[in-house]
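Close look at the chain arrangement
If you want the building blocks of each chain, they are given just below.
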Amino acid sequence: MKGVDHLAHERNKTEFDVDAMKIVWAGSRHAFELSDRMARLVASDPAFQKDGRIRLGRKELFKNTLRKAAHAWKRILELHLTEEEAGWLRNFVDEPSFTDLHWGMFVPAIKGQGTDEQQQKWLPLAYKMQIIGSYAQTELGHGSNVQGLETTATFDPETDEFVIHSPTLTSSKWWPGGLGKVSTHAIVYARLITNGQEHGVHGFIVQLRSLDDHMPIPGITIGDIGMKFGNGAYNTMDNGVLTFDHIRIPRNQMLMRVLQVTREGKCVKSNVPRQLIYGTMVFVRQTIVADASTALARAVCIATRYSAVRRQFGSQDGGMETQVIDYKTQQSRLFPLLASAYAFRFVGEWLKWLYTDVTQRLQANDFSILPEAHACTAGLKSLTTTATADAIEECRKLCGGHGYLCASGLPELFAVYVPACTYEGDNVVLLLQVARFLMKTVSQLGSGKKPVGTTAYLGRVQDLLQCCCDVQTAEDWLKPSVVLEAFEARSARMCVARAQNLSKFENPEDGFAELSADLVEASVAHCQLIVVSKFIDKLQQDIPGKGVNRQLQNLCYIYALNLLHKYLGDFLSTGCITPKQASLANDQLRSLYSQIRPNAIALVDAFNYTDHYLGSVLGRYDGNVYPKLYEEAWKDPLNDSVVPDGYHEYIHPMLKQQLRNARL
Ligand SMILES: CCCCCCCC/C=C\CCCCCCC/C=C/C(=O)SCCNC(=O)CCNC(=O)[C@H](O)C(C)(C)COP(=O)(O)OP(=O)(O)OC[C@H]1O[C@@H](n2cnc3c(N)ncnc32)[C@H](O)[C@@H]1OP(=O)(O)O
Ligand SMILES: Cc1cc2nc3c(=O)[nH]c(=O)nc-3n(C[C@H](O)[C@H](O)[C@H](O)COP(=O)(O)OP(=O)(O)OC[C@H]3O[C@@H](n4cnc5c(N)ncnc54)[C@H](O)[C@@H]3O)c2cc1C
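Reading guide: rules and limits
Residues numbered from 1 in each chain as written. Chains lettered and ligands numbered in written order. Predicted model: local features only at pLDDT ≥ 70, side-chain atom pairs only at ≥ 80, totals over all residues. Heavy atoms only, no water. Helix = DSSP H or I, 4+ residues; strand = E, 2+ residues; numbered from the N terminus. Buried < 20%, exposed > 50% of the residue type's maximum accessible area, 1.4 Å probe, protein only. Contact = heavy atoms within 4.5 Å. Polar contact = N/O pair within 3.5 Å; in protein donor to acceptor, adjacent residues only side chain to side chain. Domains from an automatic or database assignment. Phe/Tyr/Trp six-rings, centres within 6.5 Å; stacked < 30°, edge-to-face > 60°. Lys NZ or Arg CZ within 6 Å of the ring centre and 35° of its normal. Pairing = 2+ DSSP bridges. Core = buried A, V, L, I, M, F, W, Y, C linked by side-chain atoms within 4.5 Å. Near = heavy atom within 4 Å. Areas by Shrake-Rupley, 256 points an atom, 1.4 Å probe, with all protein chains shown as cover. 1 Å grid on protein atoms, 1.4 Å probe; cavity = no way out; pocket = protein on both sides within 12 Å on 5 of 7 lines; lining within 4 Å. Points joined across faces, edges and corners; volume = space filled by probe spheres on them. Nonpolar A, V, L, I, M, F, W, Y, C, P; charged D, E, K, R; others polar. UniProt positions renumbered as here; feature names shortened; annotations may be inferred. Axes fitted to C-alpha atoms, helices over the stretch in contact; angles between N-to-C directions. Parallel < 35°, antiparallel > 145°, perpendicular 65-115°, else oblique. Left-handed = near helix turned anticlockwise from the far one by under 90°. pLDDT = per-residue confidence, 0-100. Patch = residues over 30% accessible without salt bridge, like charges linked within 9 Å, V, L, I, M, F, W, Y side chains within 5 Å. Salt bridge = Lys/Arg side-chain N within 4 Å of Asp/Glu carboxyl O.

What follows concerns the environment of Arg 248. On the secondary structure map, Arg 248 appears in strand S9 (residues 247–250). Using a relative accessible area of 42% as the deciding quantity, one classes Arg 248 as partly exposed. Once the C-alpha coordinates of Arg 248 and Thr 262 are considered, the two residues, 14 residues apart in sequence, prove to be 17 Å apart. Residue contacts for Arg 248: discarding those within four places in its chain leaves Asp 156, Thr 159, Glu 161, Phe 162 and Val 163. Separated by 3.0 Å, the side chains of Arg 248 and Asp 156 make a polar contact.

Quick look at the structure:
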């Protein structure tokens with residue numbers, strides 16, 4: 001039976017069509033219906049319940065994850081789910097596991113870097129889960145510096161095999177998810193050596209465990225690397241350590257789309273660029289951007305609903321106290337995060353389109369936009385994961401003391417999410433890649449090379465260096481062209497200033513190292529411009545539904561003007577806007593917060609999250625927070641007994657001791 005809706009008064013204020021917004025959020029009606037069906041399927045299946053997982057010890061937790069993964073696979077087969085449906089189902093199970101790496105990296109690596117024959121051999125096995133794969137790139141000594149990996153793959157022409165070996169302690173593979181206890185196979189990255197010569201790092205398909213008894217193949221040492229940050233959280237994953245003692249694999253298990261090794265041990269380059277070896281990372285970074293909006297939306301949904309339930313101060317004549325969501329300070333912290341969730345959603349959609357476009361071009365041997373795809377995926381992965389991790393923590397604070405309880409769902413969400421700032425490329429290292437791309441683009445302007453895609457604005461650099469922001473009233477900040485120009489001018493001016501500083505160094509690499517902190521700032525400005533411009537592009541689309549476009553416009557300007565406020569130093573120091581115009585932007589921001597306020601609950605309802613997926617007492621759809629929080633407390637194992645274990649050993653003797661001392 002449905003209970004009382006404590007947020008009904010909030011939902012009654014809504015000024016737009018929430019069902020239409022749900023479709024905008026999902027990306028299409030098809031995506032909405034499919035994800036909605038899978039979310040409900042998972043939520044209604046007791047085998048997928050999540051209560052109490054934070055209280056499990058590591059072994060129980062891990063076994064529980066194995067059980068859920070097996071049950072998910074069983075349901076996928078029984079219901080004949082499509083690949084897309086299965087992906088949604090796994091997503092709503094909401095527990096990091098070896099399957100993330102199998103489907104998210106092992107399969108894409110074979111698809112992206114394997115030859116046709118390799119794909120024909122390995123993909124059917126992987127699709128049926130007759131083998132389980134992991135992605136073993138990082139080592140104890142090197143993660144960011146992929147060219148510094150030490151594992152070797154030496155070709156033995158006598159036996160037509162590669163010998164995979166870990167020559168040092170630091171060459172131990174370290175971190176790969178699913179590797180520690182589950183994977184039977186891995187894509188192992190190693191330095192290729194043929195005829196005594198090195199040919200860089202390449203991927204190899206290596207069997208790790210027996211398919212009969214799961215024991216490691218002789219010569220392989222393998223295990224889990226130990227507990228990670230937070231209770232439950234990412235500890236459901238068996239991140240692993242792996243060493244090889246001269247393991248032999250057939251020659252045809254090197255992924256050979258980029259480079260082939262012949263029977264004689266000769267290396268033959270194909271026409272695809274070497275960077276394609278990094279292709280799996282480009283793919284995964286793109287999915288991480290899409291996932292950022294999902295994680296951010298979860299935190300924002302919890303904080304927004306709870307902020308409407310929670311009341312503090314302001315009671316007059318014994319009336320109701322103020323809902324904390326009505327405090328301007330709460331709004332100025334919360335609503336930019338709500339706007340960011342939508343902004344990241346749309347930039348994620350665009351990035352998916354870009355990735356699909358690049359993949360099609362690569363198949364037609366057009367590699368021209370690979371550098372841009374790399375810069376966009378690296379930069380947006382960095383920008384969105386940093387912002388999301390910070391936002392989850394901000395949402396915890398927005399929920400006051402109760403946000404710190406595991407029952408709020410926020411501590412676990414933070415612990416699971418925060419490594420996204422590190423995996424698939426440390427966020428600073430990735431911004432440095434963007435900076436290299438930007439500096440190269442600026443340096444080529446003089447030679448007449450016209451920048452395209454996300455750097456097209458740099459082609460108008462002369463105009464952007466001179467333009468004056470055309471804002472006289474707060475309303476002027478609601479013009480897309482004005483906002484876009486301010487962001488383009490800021491980014492262009494920062495890029496040009498960095499490029500000028502770089503040119504003062506004799507050795508560009510020395511300059512790059514010395515100025516790296518400044519360069520990272522330029523990368524951030526460029527990536528923020530991409531997000532703002534893709535949000536503005538979204539508004540130009542024909543978006544059906546009463547009031548939907550209006551809400552999206554408000555969110556778009558909140559996203560942009562809040563960034564302008566936060567990075568005011570950049571905008572003022574580069575002369576893009578005046579202090580007076582900055583002050584008008586703030587006035588507009590306050591007005592936008594007031595306009596969003598009555599729609600805030602409906603805007604988070606549009607995420608369409610089930611209570612199961614949210615996993616938060618504070619974020620419950622019905623807003624019935626206090627009784628449920630009270631109920632939840634009694635489930636803690638400490639409350640199993642009124643007098644705690646240990647009383648007789650430790651508390652009682654202490655009390656008696658004090659009594660004796662008092663008598664003395
Ligand atoms: C409440 C509970 C909630 C529960 C929720 C549960 C839901 C599930 C949640 C989460 C599950 C998510 C699962 C995620 C699993 C994560 C798994 C993680 C996997 C990994 O981390 S794999 C390892 C990733 N490693 C890295 O990313 C390493 C980073 N380093 C690099 O990328 C590179 O080494 C480098 C780019 C930094 C430097 O490389 P290198 O020295 O070779 O390169 P340069 O000389 O700088 O550049 C050369 C040249 O190449 C271009 N380049 C570089 N990279 C690429 C690329 N990827 N693509 C294309 N081109 C590239 C570069 O621009 C240079 O070009 P130019 O020569 O300048 O033209
Ligand atoms: C939860 C989790 C799951 C993972 N899963 C996998 C997996 O499945 N498979 C896999 O292969 N790997 C995996 N990894 C490893 C991950 O990809 C690496 O940890 C990541 O790429 C960062 O590399 P690092 O650890 O070497 O960091 P480091 O490079 O050692 O970073 C340390 C510090 O040095 C700074 N730094 C490094 N280089 C530079 C530079 N050139 N300029 C300026 N600053 C620099 C960084 O910004 C950072 O502050 C996982 C990691 C985590 C945390």
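Domain boundaries in the protein define domain 1 (133–270) and domain 2 (452–605). Its C-alpha centre places domain 1 at a distance of 43 Å from the equivalent point of domain 2.

Inspection of the entire model under this criterion finds 21 aromatic pairs. With centroids separated by 6.4 Å and ring planes inclined at 50°, the aromatic side chains of Tyr 342 and Phe 346 adopt a geometry described as tilted. Here Phe 346 and Tyr 342 lie together in helix H9 (residues 328–363), a separation of four residues that amounts to about one turn. Comparing Tyr 342 with Phe 346, the two get one shared label, buried. Above the plane of the ring of Tyr 613 lies Arg 298, whose end atom (NZ or CZ) is 4.1 Å from the centre. In this arrangement the basic side chain of Arg 436 is found over the ring face of Phe 512, its NZ or CZ atom lying 4.2 Å from the centre.

Moving on to the pairing of strand S6 (residues 197–207). Sheet analysis places strand S5 (residues 185–194) next to S6, joined by nine bridges and oriented antiparallel. Considered in S6, the bridge of Ile 187 is made with Ile 205. Hairpin connection, S5 to S6: the antiparallel pair is bridged by two residues, and Asn 195 has positive phi, about 50°.

Membership of the largest hydrophobic core comes to 177 residues, with the highest contact counts inside it found for Leu 338, Tyr 342, Leu 380, Trp 477, Leu 552 and Phe 607. Per-domain counts for this core show at least three residues from each of domain 1 (133–270) and domain 2 (452–605). If near-sequence neighbours (up to four positions away) are discounted, Phe 607 is found in contact with Trp 25, Ala 297, Cys 301, Leu 338, Ala 341 and Tyr 342. Residues Ala 190, Ile 220, Ile 249 and Met 256 belong to the second largest nonpolar core, which totals 23 residues.

Moving on, we get to the site of ligand 1. Every one of the 32 residues lining ligand 1 counts as a neighbour, but Ser 144, Tyr 278, Arg 285, Glu 424 and Lys 440 are closest to it. In the model, an oxygen atom of ligand 1 is placed 3.2 Å from a nitrogen or oxygen of the Gln 275 side chain. Contact with the protein chains covers 78% of the free accessible surface of ligand 1, which is 1400 Å². With four residues, the top contributor of residues to the shell around ligand 1 is helix H8 (residues 279–309).

Inspection of every chain in the model, using the stated rule, returns two cavities of 30 Å³ or more. Counted as a void, the largest cavity has a volume near 140 Å³. Elements with a minimum of two residues in the lining of the largest cavity: helix H4 (58–78), helix H5 (83–93) and helix H6 (98–113). Counting residues per element, the lining of the largest cavity draws most heavily on H4, which supplies six residues. Residues belonging to the lining of the largest cavity are distributed by class as follows: seven nonpolar, three polar and four charged.

Another aspect to go through is the UniProt feature "active site" (unreviewed entry) in the protein. As annotated by UniProt and renumbered to match this structure, "active site" (unreviewed entry) occupies Glu 424. For Glu 424, the location among the structural elements is in the loop between helix H11 (410–417) and helix H12 (427–443). Accessibility expressed as a relative area gives 12% for Glu 424, which makes it buried. Apart from the residues within four sequence positions on either side, Glu 424 is in contact with Met 105, Met 281, Val 284, Arg 285, Ile 288, Lys 381 and Leu 430.

In this section: the site of ligand 2. Close to ligand 2 lie 20 residues, the nearest being Tyr 135, Thr 138, Gly 143, Ser 144 and Asp 426. Thr 138 places a side-chain nitrogen or oxygen 2.7 Å from a nitrogen atom of ligand 2. Within the contact set of ligand 2, an oxygen atom lies 3.0 Å away from a backbone nitrogen or oxygen of Gly 143. Relative to its free-state accessible area of 970 Å², ligand 2 is covered by the protein chains to the extent of 63%. Looking at the shell around ligand 2, the element that brings in the most residues is H12, giving three residues. For the shell around ligand 2, the class distribution of residues is ten nonpolar, eight polar and two charged.

For the pair H9 and helix H10 (residues 370–398), interaxial distance at closest approach is 10 Å and the crossing angle is 155°. By the angle between their directions, the pair H9 and H10 is classed as roughly antiparallel. Where H9 crosses over H10, the two elements pack in a sense that is left-handed. Each residue belonging to the contact of H9 with H10 can be placed in one class, and the counts come to 16 nonpolar, four polar and three charged.

In this section: the side chain of Thr 280. Mapped onto the fold, Thr 280 is located in helix H8. Look at Thr 280 and you get buried, because its relative accessible area is 2%. The residues touching Thr 280, leaving out its near neighbours within four places in the chain, are Met 105, Pro 108, Ala 109, Gln 113, Tyr 135 and Tyr 189.

This part takes up the confidence of the model for the protein. When pLDDT is averaged along the protein, the result is 96, and 99% of the positions lie at 70 or above. In the predicted assembly, ipTM is 0.96 and pTM is 0.97.

This paragraph deals with a nonpolar patch on the surface. On the surface, a cluster of nonpolar side chains totalling about 310 Å² of accessible area is made up of Tyr 650, Ile 651 and Leu 655. Summarising the element assignment, Leu 655 is placed in helix H23 (residues 647–663). Residue classification places Leu 655 among the partly exposed positions, given a relative accessible area of 43%.

Further remarks concern the pattern of salt bridges. For side chains bearing opposite charge, pairing can occur when the charged atoms are close. One pass over the structure, following the stated rule, counts 41 salt bridges. Salt-bridge contacts for Arg 361 lead to Asp 357; the nearest nitrogen and oxygen are separated by 3.1 Å. Separated by four residues within a single helix, Arg 361 and Asp 357 lie in helix H9, roughly one turn from each other. The class of Arg 361 is partly exposed, set by a relative accessible area of 29%. Several salt bridges converge on common partners, so that one network encompasses Lys 50, Arg 53, Lys 68, Asp 94, Glu 95, Arg 298 and Glu 412.

What follows covers the packing of H8 against H11. With their axes 11 Å apart at the nearest point, H8 and H11 run at an angle of 160° to one another. Taken as axis vectors, H8 and H11 run roughly antiparallel relative to one another. In this structure, H8 meets H11 at a crossing whose hand is left-handed. Across from Ala 292, Ala 295, Arg 298, Ala 299 and Ile 302 in H8, the residues of H11 making contact are Leu 410, Leu 413 and Tyr 417. Here the residues of the contact of H8 with H11 are counted per class, giving seven nonpolar, no polar and one charged.

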